[in-house]
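Letter by letter, the chains look like this.
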Amino acid sequence: MSPSKTTNNQGGNKVTDLPQVKLPAVITVKQLAIELDIEPVRVIKQLMRHGIMANVNQIIDYDTAAEITSEFGYTAKHKITSRVASPHEIQKKKNLSTRPPVVTAMGHVDHGKTTLLDAIRKTHVTAHEAGEITQHIGAYQATINGRKITFLDTPGHEAFTAMRAHGANVTDIVVLVIAADDGIMPQTIEAINHAKAAGVPIVVAINKIDKPNANVDMVKKGLNSLGLTIEEWGGDIICVPLSAKEEQGISDLLENLFLVADILELKANPKQPATGVVIEAQLSKNKGPLATLLVQNGTLEKGNVVVAGNTWGKIKAMFNDHGDQIKKAGPSTPVEVLGMNGIPTAGNTFSIVSSEHIARDMMESRATSTTAPMSLTSLSSQISKEQVKEITVILKTDVQGSIEPIKTSIEKSSTEKTRVNIIHAASGNITESDVLLASASGGIIIGFNARPTPGAQQMADKEGVSIHHYDIIYKLVEDIEKTLKGILEPTYIEVIIGQAEVRAVYTSGKKNKVAGIYVKEGKMLRDAQARVLHQGKVIYQSKVSSLKRFKEDVKEVSTGFECGIGIEGLNDFQVGDIIEIYKQEKAT
């Protein structure tokens, strides 16, 4: 990247040239983000504004990259390529070496993810003290027959996808853990869909084969019904039966993980400055901000100046997964670092800069940008301009029986030019996991009689994810069809203003009842549209007829306060009901 400079034009006025970025004919989203020194998620969101749904590994052409580059304050120039590699490129290739694979375990709760990781750790990780195994950070390395392998001990697919949503692909292989006595469960399906959306190879570990009621064939059949056909049935999915509790089959699993890693040909250059991703971060009372970093390329050294998201720092100390101080960390190595000026966000990418002055300048230039949700209306507009070829959808319904007919109807709506890709479909409320998957995949969420949880709605607003609600199937399908044809008229979307919980019910006058509520999020507004939810189901819709605090009429009540509320026409409040205040806004 060349520095900016000032020149004189013919009229004598000074013109400041924008800093230049040299780009090849095609470039991945991730590489463009590196060239612009910004987080990949910002590039993804900018592409979304142009109607291009891309992930970090997607390739875009020069014209598109140049346009995005200009919007971040740079000017693009063609990078001239030659058939003869430069000495620098030759040297860079010479320095490439095989790196350890990074593995994440996923699966349904209680299917044995933690037990499996503990078994691997106990067998193959040297204890810091004799007889004691302590996991110091949320990742660790094991050594098997002289080869290293890195495991991320994340809470599950939510954390995995949260990192993708922030622009970081940290995992090379997913181990899908399924209990042989329980089979395929809802979170199993979620984990599969999250792994598929990330394009990460899956190795299945059928756990608990020691149980009397274990049924390995049942699991294999369940996998096959979900499109994961195991090798012995003619597919390409490696499947390893094991017992984490009895430590049986662990070696077989590890051998297969290395086999997949060899096929992937994972390489990195340890002789360049480190880049990688933040796995987790916390504030220590004694040490201040501590960040767990996974080095993906290059070598991280004590004294390096690190920039991660909106934080930076000079590394004062580094600790490995046993808590020992180390001075260097190469590719695929997890380390905990001390010296950051704040707590970075899990999923932030990090890089090394040459000085603290540059780090401060970068922090000043990194303005937080917000993105309007990519609604069906805006997608329709982009499709009409032939700028979008695929719509990614997460479908949630109130009951399991609604999934297949809706899914089939939506998929039939695909045209020759534009298709619908449903990457996850399930029954139940719209959750934070759904929002993260939509954010990471550049998709939208469609809810059929399904509501978002308060946390999910808040996250959707933050991540710029569009949630569309329907209670009539034909209307849902009709909107999808019009979107794909590029003829959907502007519609109105709901914006949740506030949510409150009913804590008590009082009689007001002869017949009327009011609810004593606690405002959990946003605010309550008098005369606003309102709905009442009982056990997650909408039971009544009307408007706020009264709003009082200490017997005084008020116009609004904010988060954290209690008040009395009346809903026009409703006299059947129950303690525990949720009251939602919302408005309709024109979709952009």
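**Description of helix α12 (residues 403-412)**
Buried within α12 we find I403, I406 and I410. Taken down its axis, α12 places every buried residue within 80 degrees of arc, on the same side. Where α12 is buried, its residues meet β24 (390-397), β25 (419-427), β26 (444-448) and α15 (473-485).

**So, the packing of helix α2 (residues 40-49) against helix α3 (residues 62-71)**
For the pair α2 and α3, the least separation of the axes is 11 Å and the interaxial angle reads 110 degrees. As far as their axial angle goes, α3 and α2 are roughly perpendicular. Mapping the contact onto sequence places V43, Q46 and L47 in α2 and T64, I68 and E71 in α3. For the contact of α2 with α3, the class distribution of residues is 3 nonpolar, 2 polar and 1 charged.

**Re the side chain of D479**
Turning to its location among the elements, D479 is positioned in helix α15. One polar contact links D479 to Y470, side chain to side chain, over a distance of 2.7 Å.

**Notes on a negative patch on the surface**
Together, D61, D63, E67 and E71 give the surface a local cluster of negative charge. By secondary structure assignment, the location of E67 is in helix α3.

**A few points about the sheet that holds strand β13 (residues 238-241)**
Strand pairing in a sheet relies on backbone hydrogen bonds, with the paired strands running either antiparallel or parallel. Here we have 6 strands laid out as an open sheet, ordered β9-β10-β8-β11-β12-β13, and mixed in their pairing. The strands lining the two open edges of the sheet, one partner per strand, are β9 (139-144) and β13. The mean angle between the axes of side-by-side strands here comes to 30 degrees, regardless of whether they run parallel or antiparallel. Note that strand β8 (residues 102-107) and strand β11 (residues 173-179) share 5 bridges and pair parallel. Note on β11: the bridge partner recorded for A105 is V175. The strands that helix α7 (residues 186-198) touches are β8, β11 and β12 (202-207); relative to β11, the one it contacts most, it runs at about 165 degrees.

**What to know about the sheet that holds β24**
Read across the open sheet, the 4 strands follow the order β25-β24-β26-β27; overall the sheet is parallel. Of all the strands in the sheet, just β25 and β27 (467-470) have a single pairing partner and so form its edges. Pairwise comparison of adjacent strand axes, ignoring direction, gives a mean angle of 25 degrees for this sheet. Here β26 pairs with β27 via 4 bridges, running parallel. In the strand pairing of β27, F448 is matched with Y470. Sheet contacts for α12: β24, β25 and β26; angle to β25, the most-contacted strand, approximately 170 degrees. Packed onto the sheet, helix α13 (residues 432-441) meets β24, β25 and β26 and runs at close to 175 degrees relative to β24.

**Notes on the confidence of the model for the protein**
Mean pLDDT for the protein: 81, with 82% of residues reaching 70 or above. Long-range and interchain partners of residues 1-16, a stretch whose pLDDT sits below 50, account for 22 contacts in this model, where long-range means more than four residues apart. Confidence over residues 126-136 falls short of pLDDT 50; this stretch has 18 contacts with residues more than four positions distant or in other chains.

**Notes on the pattern of salt bridges**
Throughout the structure, instances matching the rule amount to 12 salt bridges. Notably, a salt bridge pairs R147 with D262, separated by 2.8 Å at the nearest N-O pair. In this pair, R147 is assigned in strand β10 (residues 147-152) and D262 in helix α9 (residues 250-264), connecting sequence segments 115 residues apart. What makes D262 partly exposed here is its relative accessible area of 42%. A salt bridge links D434 to K396, with the nearest nitrogen and oxygen atoms 2.7 Å apart. Of the two residues, D434 is situated in helix α13 and K396 in strand β24; the sequence distance between them amounts to 38 residues. In the salt-bridge network here, residues are joined through shared partners; they are R451, R531 and E580.

**Concerning the packing of α12 against α15**
In the contact formed by α12 and α15, the axes pass within 9 Å of each other and the chain directions differ by 25 degrees. As the angle between them shows, α12 and α15 are arranged roughly parallel. Crossing hand, α12 versus α15: right-handed. Here I406, S409 and I410 of α12 come into contact with α15, specifically with I473, L476, V477 and I480. Looking at the contact of α12 with α15 residue by residue, the classes come out as 6 nonpolar, 1 polar and no charged.

**Comments concerning the pairing of strand β23 (residues 349-353)**
Sheet analysis places strand β15 (residues 275-284) next to β23, joined by 3 bridges and oriented antiparallel. Pairing of G276 across the sheet is with F350, part of β23.

Thresholds applied
- For every chain, the first residue of the written sequence is number 1, and numbering continues from 1 onward in sequence order.
- Per-residue local features of the predicted model are confined to residues with pLDDT of at least 70, and side-chain atom pairs are confined, for both listing and counting, to 80 or more; whole-chain, interface and lining totals are unaffected and use all residues.
- Excluded from the side-chain calculation are hydrogens and water; included are all heavy atoms of the structure.
- Residue burial is assigned from relative accessible area. The probe radius is 1.4 Å, only protein chains are included, and a residue is buried under 20% of its type maximum, exposed over 50%, and partly exposed in between.
- Comment: elements are numbered from the N terminus, with helices defined as DSSP H or I runs of at least four residues and strands as E runs of at least two.
- The directions considered for the arc run from the helix axis to the C-beta atoms.
- A contact between two residues is defined here by any heavy atoms of the two lying within 4.5 Å.
- All axes are obtained by fitting lines to C-alpha atoms, using only the stretch in contact for helices, and the reported angles, taken between N-to-C directions, cover 0 to 180 degrees.
- Angles are sorted into four bins: roughly parallel if under 35 degrees, roughly antiparallel if over 145, roughly perpendicular if 65 to 115, and oblique for all others.
- Under this grouping Gly is polar, as are all residues other than the nonpolar Ala, Val, Leu, Ile, Met, Phe, Trp, Tyr, Cys and Pro and the charged Asp, Glu, Lys and Arg.
- Think of a polar contact as two N or O atoms within 3.5 Å of one another; within protein, one of them needs to be a possible hydrogen donor and the other a possible acceptor, and neighboring residues in sequence only count if both atoms come from side chains.
- Patch membership needs two things, relative accessible area over 30% and no salt bridge, and members are linked within 9 Å if like-charged or within 5 Å if nonpolar (Val, Leu, Ile, Met, Phe, Trp, Tyr).
- Here the accessible surface of atoms and residues is derived via Shrake-Rupley with a 1.4 Å probe, and residues count as covered only by protein chains that are part of the display.
- One side-chain nitrogen of Lys or Arg within 4 Å of one carboxyl oxygen of Asp or Glu is enough to make a salt bridge.
- Charged residues are defined here as Lys and Arg on the positive side and Asp and Glu on the negative side; His and the ends of the chain fall outside this count.
- By convention, charge coordinates are those of NZ in Lys, CZ in Arg, CG in Asp, or CD in Glu.
- When DSSP finds two or more bridges between two strands, those strands count as paired.
- In predicted models, pLDDT denotes the confidence assigned by the predictor to each residue on a 0 to 100 scale.
- If you view the pair so one helix is near and one far, a crossing is left-handed when the near helix is turned anticlockwise from the far one by less than a right angle, and right-handed when it is turned clockwise.

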